[in-house]
Amino acid sequence: MKKEKVVGLEGSFAVAEAVRLANTDVIAAYPITPQTHIVERLSEMVAEGELDAEFICVESEHTAMSACVGASAAGARVFTCTAGQGLELMHEVLYIPSSMRLPVVAVIANRALSAPLSVWCDHSDMMAVRDIGWIQMLAENNQQAFDLTLCAYRIAEDSDVLFPAMVHIDGFYLSHVIEDMSLPEDEEVAGFIPEYEYPFTLDPDKPVSMGCYAPPFIYPEAKKAQEVAFESTIPQILETWKAFGDRFGRYYAPVEKYRMENAKIALLTMGSCSETAMLAIDELRAKGEDVGLIRLRLWRPFPFKEFREAVKDVEVLVVLDRCVSFGMGGPVCSEVKSALYDQQKKPHVVGFIGGLGGRDILIEGFEYMIRSALEKVKAIERGEEIETEMIGVRE
Amino acid sequence: MIEICIYGRGGQGGVTLAELVAHAAILEGKHAQSMPSFGPERRGAPVFAFLRVDETERIKVRAEIKEPDVLLVLDPGLLGVGDVVSRLKKDGMTIVNTIKSHDEMKSKIEANKIATVDAMGIARAVLGLPIVNTTMIGALVKATGIVKLESMEAPMEERFGKVAAKNIAAMRKAYEETVVS
Amino acid sequence: MGGEKLGWKDLELGCVVTEPGSAGEYKTGDWRSERPVRENEKCIKCGICYIYCPEACIKEDEEGYFEADLYYCKGCGICAHECPKGVITMVEEVEE
């Protein structure tokens with residue numbers, strides 16, 4: 001096992017440490033709550049000479065991502081971060097690095113979307129960027145925020161991947177919380193991320209054209225090539241997580257299970273509420289209930305195989321969304337249902353929406369969802385239609 | 001696990017207090033989590049910071065503290081703002097910065113156990129500033145033993161640099177003067 | 001503010017707040033660490049305090065003197081700083 005020290009670190013600072021240890025060349029970012037501490041710490045690192053990087057102060061998130069695209073094409077290792085409305089303003093440009101195969105790394109301090117104005121956490125910003133073609137993963141605590149950010153560079157820049165990667169850390173719940181975590185010594189990280197070698201680096205001696213125009217005779221071929229390449233990144237993601245685990249002792253998986261042995265009921269969560277959900281599972285297990293927890297670590301590409309495997313013996317799957325897909329219910333619940341549709345044996349899926357705009361989800365909230373889901377399943381079996389319930393909302 | 005709510009005003013340093021104690025606890029090999037009450041910062045507005053410390057187990061709960069074991073009040077004026085003391089656990093403790101006598105406070109606050117100290121007086125005398133957050137760490141440590149007093153020095157030196165010595169002196173003075181019963 | 005008790009059916013269309021100046025109902029007076037205290041015998045009723053108050057919480061009374069609404073006044077001290085006659089002193093709020 002490699003040498004590490006236990007430190008108290010804010011989630012934002014943990015991300016900044018990973019960006020420093022990755023020897024990032026270019027950072028282009030615009031401050032927005034609750035991401036601000038990440039950029040503040042990075043600009044301090046650059047100013048103090050702790051990190052030899054170009055910090056580009058841009059005038060918007062749209063420009064931040066545009067600068068990242070250019071810098072990445074020039075062969076630089078690139079980082080940005082944003083949240084909420086900032087990610088939305090960046091949206092147009094987010095498709096560019098994924099379709100141009102530029103391995104930009106971004107951390108999102110997840111935040112609700114206006115209106116009404118909210119700076120607090122939910123997953124509306126994340127769900128609005130589901131389809132951008134970036135590898136997307138979620139952290140549940142500050143340790144994972146650090147580990148996954150470091151891994152994101154290696155995954156994105158893998159010559160068999162070359163896609164941008166996004167790490168979601170829940171705004172405030174991780175970005176502003178200090179907790180104990182293990183931080184590897186600088187020399188222990190050395191070599192974990194190989195040199196970035198982009199095959200078509202912008203070079204006056206070897207001119208190329210990037211981001212070209214594609215009429216109908218070639219655009220579908222471009223998208224097919226992108227989709228096939230994107231879907232086949234999972235082995236490389238697994239390879240990096242294994243290499244990380246072998247080096248630092250912490251192993252990650254696309255779908256992570258907690259107390260799922262003989263579980264008939266499973267709760268599915270994503271992000272920072274997952275550890276609180278574990279406490280709810282512990283309490284229910286102590287009462288003799290066959291419940292377990294599944295967390296989606298990898299969100300894109302969607303880990304179909306691992307997910308189906310995780311729920312194959314489950315009778316009721318309770319899905320928590322921290323986002324509303326208006327007119328459609330919870331987006332994660334919809335995707336989970338579609339992932340199971342063709343399966344011969346599949347659980348009942350009951351969706352809940354909670355934790356919007358920074359509303360805490362407590363242990364009782366998870367217990368309520370599980371109890372309520374069992375009632376809803378009885379109603380489904382009676383042939384009744386079930387609506388997605390928003391928990392903890394005052395009538 | 002011990003759960004502490006720090007009740008102060010925006011700008012008084014309640015969040016810094018929670019962070020410093022969390023750092024000290026982690027340096028002692030404990031698990032700790034400090035969490036501000038999320039949102040915009042408004043000077044003078046009543047605001048909570050939250051601190052959890054556990055000797056052995058990793059802290060998994062990630063939400064505001066509803067029923068603290070300890071309520072640490074940085075500003076006595078806040079005792080009348082909102083119904084904070086009633087949120088305490090039954091055997092919980094209130095620690096207050098006050099110029100009043102311990103007995104007078106004891107009769108005023110409905111809590112099982114209280115600790116009092118004139119942190120403002122100490123801060124003015126030792127720091128020359130009316131900022132009580134580091135001083136109140138002395139009271140917290142005396143009343144709860146959540147960390148060793150010495151463990152506070154390294155995080156304070158890292159955070160405050162040149163002015164750390166004065167803050168440490170103020171903390172130590174408060175530790176000596178805090179009355180607990 | 002009372003918003004903590006509203007149910008979802010109580011909200012106006014698009015979460016519009018229909019009452020103008022309702023921020024004044026939010027008690028920010030207890031954010032204050034110092035309060036403005038006036039010696040009106042020196043006051044020339046110029047109204048500079050009224051103009052400079054960033055929270056518009058100073059009102060003119062029937063005699064033409066000015067008084068801060070201490071329910072809303074956060075104690076920023078701008079009135080005391082701007083008063084040309086030194087009528088206003090910021091006095092520390094004491095523990096009751």
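Residues numbered from 1 in each chain as written. Chains lettered and ligands numbered in written order. Predicted model: local features only at pLDDT ≥ 70, side-chain atom pairs only at ≥ 80, totals over all residues.

J.: Hey, could you run me through the overall build of chain C in this one?
T.: Along its length, chain C carries two helices and four strands. For 96 residues, the compact-globule estimate of 2.2 N^0.38 gives 12 Å, and the C-alpha radius of gyration of chain C, at 17 Å, exceeds that figure by more than 25%. Dimensions of chain C, computed from C-alpha atoms along their principal axes, come out at roughly 55 × 30 × 20 Å. Relative to its full complement of 96 residues, chain C shows a buried share of 17%. (Helix = DSSP H or I, 4+ residues; strand = E, 2+ residues; numbered from the N terminus. Rg over C-alpha atoms; globule rule 2.2 N^0.38 Å. Buried ≥ 20, exposed ≤ 12 C-beta atoms within 10 Å, placed from the backbone.)

J.: What is the right way to read the overall build of chain A from this model?
T.: A tally of helices and strands in chain A yields 13 helices and 15 strands. On C-alpha atoms alone, chain A measures out to a radius of gyration of 21 Å, which is about the 21 Å that the 2.2 N^0.38 rule sets for 395 residues. Expressed as lengths along the three principal axes of its C-alpha atoms, the size of chain A is roughly 70 × 55 × 45 Å. Here the analysis covers contacts within chain A between residues at least 6 apart in sequence; of these, 81% occur between residues at least 24 apart. (Contact = placed C-beta atoms within 7 Å.)

J.: Explain the packing of helix H1 (residues 14–27) of chain B against helix H4 (residues 133–144) of chain B to me, please; I cannot follow it from the model alone.
T.: All names here are of chain B. Relative orientation of the contacting elements H1 and H4 amounts to 50 degrees, with a least axis distance of 9 Å. Put simply, H1 runs oblique to H4. Like other packed secondary-structure pairs, H1 and H4 cross with a definite hand, here right-handed. Side by side, H1 and H4 meet where Gly14, Thr16, Leu17, Leu20 and Val21 of the first sit next to Asn133, Met136, Ile137 and Leu140 of the second. Considering only residue class, the contact of H1 with H4 consists of six nonpolar, three polar and no charged. (Axes fitted to C-alpha atoms, helices over the stretch in contact; angles between N-to-C directions. Parallel < 35°, antiparallel > 145°, perpendicular 65-115°, else oblique. Left-handed = near helix turned anticlockwise from the far one by under 90°. Nonpolar A, V, L, I, M, F, W, Y, C, P; charged D, E, K, R; others polar.)

J.: Just checking my understanding: could you explain the domain arrangement of chain A for this structure?
T.: Size of an interface, as often reported, equals the accessible area lost when the parts are brought together. All names here are of chain A. Taken domain by domain, chain A consists of domain 1 (4–248) and domain 2 (255–390). Here the C-alpha centre of domain 2 lies 28 Å away from the C-alpha centre of domain 1. The partner domain 2 presents 21 residues to the 27 residues of domain 1 that form the contact. Taken together, the elements giving at least two residues each to the side of domain 1 that touches domain 2 come down to helix H5 (124–127), strand E6 (135–138), strand E7 (165–170), helix H8 (219–231) and helix H9 (234–248). (Domains from an automatic or database assignment.)

J.: For this particular structure, what's the right way to read the interface of chain B and chain C?
T.: Contact with chain B, which involves 10 residues of that partner, is made by seven residues of chain C. Split into classes, the residues belonging to the side of chain B that touches chain C amount to five nonpolar, three polar and two charged.

J.: What is the right way to look at the packing of helix H10 (residues 274–286) of chain A against helix H13 (residues 363–381) of chain A in this model?
T.: A packed helix pair is summarised by two numbers, namely the angle formed by the two axes and the spacing between the axes. Residue and element names in this part refer to chain A. Viewed as axis vectors pointing N to C, H10 and H13 meet at an angle of 60 degrees, and their least axial separation amounts to 8 Å. When the axis of H10 is compared with that of H13, the two are oblique. Helix-helix and strand crossings are classified by hand; for H10 and H13 the assignment is right-handed. Contact residues: Thr276, Ala277, Leu279, Ala280, Glu283 and Leu284 in H10; Ile363, Phe366, Glu367 and Ile370 in H13. Looking at side-chain class alone, the contact of H10 with H13 contains seven nonpolar, one polar and two charged residues.

J.: What is the right way to look at unusual backbone geometry in this model?
T.: Excluding glycine, residues mostly carry a negative phi; peptide bonds, for their part, are mostly trans. Residue and element names in this part refer to chain A. The omega angle of the peptide bond from Ala115 to Pro116 is -5 degrees, so this bond is cis rather than trans. Between Arg300 and the following residue, Pro301, the backbone shows a cis peptide bond with an omega angle of -5 degrees. Take Pro301: it is sitting in the loop between strand E12 (298–300) and helix H11 (304–310). Phi angles above zero are rare outside glycine, and Asn23 is one such case at about 55 degrees. Mapping Asn23 onto the fold places it in the loop between helix H1 (11–21) and strand E2 (26–29). A tally of 16 C-beta atoms within 10 Å means that Asn23 is categorised as partly exposed. At Arg101, a position not held by glycine, the phi torsion is positive, near 60 degrees. Summarising the element assignment, Arg101 is placed in the loop between helix H4 (84–99) and strand E5 (105–110). We classify Arg101 as buried; it has 22 C-beta atoms within 10 Å.

J.: Before we go on, may I ask you to explain the interface of chain B and chain A in this structure?
T.: Of the residues lining the interface, 18 residues belong to chain B; the matching set on chain A comes to 21 residues. Sorting the residues of the side of chain B that touches chain A by element identifies H1 and strand E2 (31–36) of chain B as the ones contributing at least two each. Here the side of chain B that touches chain A gets six residues from one element, more than from any other, and that element is E2(B). A breakdown of the residues in the side of chain B that touches chain A according to their chemical character gives nine nonpolar, five polar and four charged. The pairing of strand E8 (residues 178–184) of chain A with E2(B) spans two bridges and is classified as antiparallel. Looking across to E2(B), one finds that A:Ile178 is bridged to B:Ser34. (Pairing = 2+ DSSP bridges.)

J.: How do you make sense of the nonpolar core when you look at a structure like this?
T.: Burial of nonpolar side chains together is a common tendency in soluble globular proteins. If you look at the biggest cluster of nonpolar residues, it comprises 185 residues, and the most contacted ones within it are A:Ala266, A:Leu267, A:Val318, B:Ile6, B:Val21 and B:Leu72. Tallying contributions element by element places H1(B) first for this core, with 10 residues. Residue contributions to this core reach at least three from each of two domains, namely domain 1 (4–248) and domain 2 (255–390) of chain A. Excluding residues within four positions of it along the chain, B:Ile6 makes contact with B:Gly14, B:Leu17, B:Ala18, B:Phe48, B:Ala49, B:Leu51, B:Leu72 and B:Leu74. (Core = buried A, V, L, I, M, F, W, Y, C linked by C-beta atoms within 7 Å.)

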